[in-house]
Every structure is written in C-alpha cells, then in structure tokens.
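Each chain is listed here by its residues.
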Amino acid sequence: AQSVAQPEDQVNVAEGNPLTVKCTYSVSGNPYLFWYVQYPNRGLQFLLKYITGDNLVKGSYGFEAEFNKSQTSFHLKKPSALVSDSALYFCAVREDSGYSTLTFGKGTMLLVSP
Amino acid sequence: DAGVIQSPRHEVTEMGQEVTLRCKPISGHDYLFWYRQTMMRGLELLIYFNNNVPIDDSGMPEDRFSAKMPNASFSTLKIQPSEPRDSAVYFCASSLKGTGASPLHFGNGTRLTVT
C-alpha cells in the first residue's frame, strides 16, 4: 500500500523568506513523487515530479523539491516566497512498478504575508 | 491545448434530482480520472478509465453514482438520485499512457450543491 503524509495543515511565511512544505511518503517499491498546487476555484496544477536521478528537482514558478530516500521525504521549497504563492499544495505518490493510481496527501495551505 | 474541460462549472439542484457532470480530456491522453474534493475528506478518487474502459470504480460511493466514457474525448459522471451529502467539487483529470511518471492534468472542476 502507498501513502502520503503532509504534517502541516498550514504554513505561514513572510514574502521574501524561504518556504518549505513538508511531505513524507510510504511505498513498497520505488516512488514516483509529485507536487501539485491548487488556487481558489481551480483544479490542481502540476508543479514538479521526481522519477529518478538527481535528488533535487526543479519545477514551475521557482519551486524545487528534494527527494530523500532514507527519510522517505519529498519537501517542497522555494528560496524567496511571493504573496502570489499563497495556495493549497498537494504531495502525491505512486509506485514505479506497473500502473498504480496516485495517492494524494490531504494538502497544506501556504499563506504568504506581504 | 485547451486542457481538460469540465461542464458545468456550477450546479445547484434539489435532493432527488439527477445530476450529470461532463468532461472532455486532453486529446491523446489514455487515462481519465474522476475525483471528488470536500473539506472533510480531501481528494477522493472515484473511478478511472484506461482507453475508455473502467479500470477501478472502488471509490464510487454507492450505486447512485455511475460513470461512462463512450469515446476517447468524452466522459460523464451521473448521480441519481442526488443527496445533500453529494455536495462537493468534482474534478476530472487525464494523463498520458505509459509509465506512472506522467502527471495528471486536472480540469477546473464542477461545484455541486444539492439542497
């Protein structure tokens, strides 16, 4: 079975400061890991993914995420937050064998203050 | 590419009425998914199709829910009869075939309110 945990319901950060949104996962085999962002009244939007290779993955809008196999984590980061980054962020995982559906975390609300 | 298109964006109906939600996936995508999002339960996968064939409908809440995909460019999710607890945002998503590395592309959802 596969699962995702996003331990924080909400993350607050001031504009210009670095941000981190945490995610840990559990799969039987190797993971495919994804981050999505959801703005109000919109669908989820793909940000970035880790499949294999470099543990630091870069994605849209200046976001990046670091895969850590020993800690089974895939934290989302950005060096300098913008007010417009305020949104709901979802981490998701699936196993790399065959085709399994994505398992989403419950989401973390990011609030960036001016 | 227009992305995944869902209609209607908002639906308000009375308990007991039939509701039909519609989805047009991205052209060339082989997988189609229906999700439901609520504050209490988060994102729930209801059903998904591969090449228009339903693969897993274990997330469909009960027999009142049904989904079809008559062709590669159209899918419907029907609720009959609707109940107030069905109120939620329903999302359709599609993805390319192949490995599980393909991300999902979501539509903007249908907000359903059952009174």
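Residues numbered from 1 in each chain as written. Chains lettered and ligands numbered in written order. Predicted model: local features only at pLDDT ≥ 70, side-chain atom pairs only at ≥ 80, totals over all residues. Heavy atoms only, no water.

1. Things to note about the interface of chain B and chain A
For clarity, the threshold we go by: Contacts are assigned to residue pairs with any non-hydrogen atoms lying within 4.5 Å of each other. Simply put, the buried area is the total loss of 1.4 Å probe accessible area from both parts when two parts are fitted together. Basic side-chain nitrogens of Lys or Arg form a salt bridge, by our definition, when they fall within 4 Å of a carboxyl oxygen of Asp or Glu. Definition of a polar contact: a pair of N or O atoms within 3.5 Å, with one able to donate and the other able to accept a hydrogen when the atoms are protein atoms, and with sequence-neighbouring residues admitted only if both atoms are side-chain atoms. Secondary structure elements are taken from DSSP: a helix is a run of H or I of four residues or more, a strand is a run of E of two residues or more, and numbering for both begins at the N terminus.
Tallying the contact residues gives 21 residues for chain B and 18 residues for chain A. Across the chain B to chain A interface the summed buried area is about 1600 Å²; carbon plus sulfur atoms make up 57%. At the junction of chain B and chain A, the tally comes to zero salt bridges. For the interface between chain B and chain A, the tally reads seven residue pairs in polar contact (both at pLDDT 80 or more). For the side of chain B that touches chain A, the elements supplying multiple residues, two or more each, are strand S4 (31–38), strand S5 (42–50) and strand S9 (88–95) of chain B.

2. Brief notes about the pairing of strand S9 (residues 73–78) of chain A
Residue and element names in this part refer to chain A. Short version of the rule: Each residue's exposure class comes from its accessible area (1.4 Å probe, protein chains only) as a fraction of the maximum for that residue type: buried when under 20%, exposed when over 50%, partly exposed otherwise. Strand pairing is assigned whenever DSSP detects at least two bridges linking the two strands.
The buried fraction of S9 is high, at five of six residues. As paired elements, strand S3 (residues 19–21) and S9 share three bridges and run antiparallel to each other. Directly across from Val 21, in S9, lies its bridge partner Leu 76. Note that strand S8 (residues 64–68) and S9 share five bridges and pair antiparallel. If you follow Phe 67 over to S9, its bridge partner there is Phe 74. From the end of S8 to the start of S9, which pair antiparallel, there are four residues, and Thr 72 there has a positive phi angle of about 45 degrees.

3. Brief notes about the sheet that holds strand S3 (residues 19–24) of chain B
Residue and element names in this part refer to chain B. Definition in use: In this analysis, axes come from line fits to C-alpha atoms, helices being fitted only over the stretch in contact, and the angle between any two N-to-C directions falls in the range 0 to 180 degrees.
The antiparallel open sheet is built from four strands, whose spatial order is S1-S3-S8-S7. Each edge of the sheet is formed by a strand with only one pairing partner; in this case those strands are strand S1 (5–7) and strand S7 (65–71). Looking at each pair of strands side by side, their axes are set apart by 15 degrees on average, direction ignored. Of the strand pairs in this sheet, S7 and strand S8 (residues 74–79) are connected by five bridges, and their pairing is antiparallel. Considered in S8, the bridge of Ser 66 is made with Lys 78.

4. Observations regarding the nonpolar core
Going by this rule: Note on terminology: a nonpolar core comprises buried Ala, Val, Leu, Ile, Met, Phe, Trp, Tyr and Cys residues joined through side-chain atoms within 4.5 Å.
The biggest cluster of nonpolar side chains holds 27 residues, and the ones touching the most others in it are A:Trp35, A:Leu47, A:Leu48, A:Phe74, A:Leu76 and A:Tyr89. Elements with a minimum of two residues in this core: strand S2 (10–14), S3, strand S5 (31–38), strand S6 (44–50), S8, S9, strand S10 (87–95) and strand S12 (108–113) of chain A. Considering every element that reaches this core, the biggest residue donor is S10(A), with four residues. When near neighbours in sequence (up to four residues on either side) are disregarded, A:Leu76 contacts A:Leu19, A:Thr20, A:Val21, A:Trp35, A:Leu47, A:Leu48, A:Phe63, A:Glu64, A:Ala65 and A:Tyr89. B:Ile47, B:Met60, B:Ala67 and B:Tyr90 belong to the second largest nonpolar core, which has 21 residues in total.

5. So, the layout of surface pockets
In plain terms, the rule: In this analysis, the protein atoms alone were mapped onto a 1 Å grid. Cavities are point sets where a 1.4 Å probe fits without being able to get out; pockets are open sets with protein on both sides within 12 Å along at least five of seven lines; lining residues have an atom within 4 Å of a point. Grid points are joined across faces, edges and corners, and a volume is the space filled by probe spheres set on the points. Ten residues, namely Ala, Val, Leu, Ile, Met, Phe, Trp, Tyr, Cys and Pro, are considered nonpolar, four, namely Asp, Glu, Lys and Arg, are considered charged, and the remaining ones, Gly among them, are considered polar.
For the largest pocket, the calculated volume is near 640 Å³. For the largest pocket, the lining is made up of 29 residues, of which A:Gln38, A:Leu88, B:Gln37, B:Thr38 and B:Met39 are closest to its centre. Tallied by class, the residues present in the lining of the largest pocket amount to 11 nonpolar, 12 polar and six charged. Of the pockets and cavities examined, the second largest pocket occupies roughly 230 Å³. Along the wall of the second largest pocket there are 13 residues; nearest its centre are A:Arg42, A:Gly43, A:Leu44, A:Gln45 and B:Phe106. Per element, the largest residue contribution to the lining of the second largest pocket is three residues, and it comes from S6(A). Each residue belonging to the lining of the second largest pocket can be placed in one class, and the counts come to seven nonpolar, five polar and one charged.

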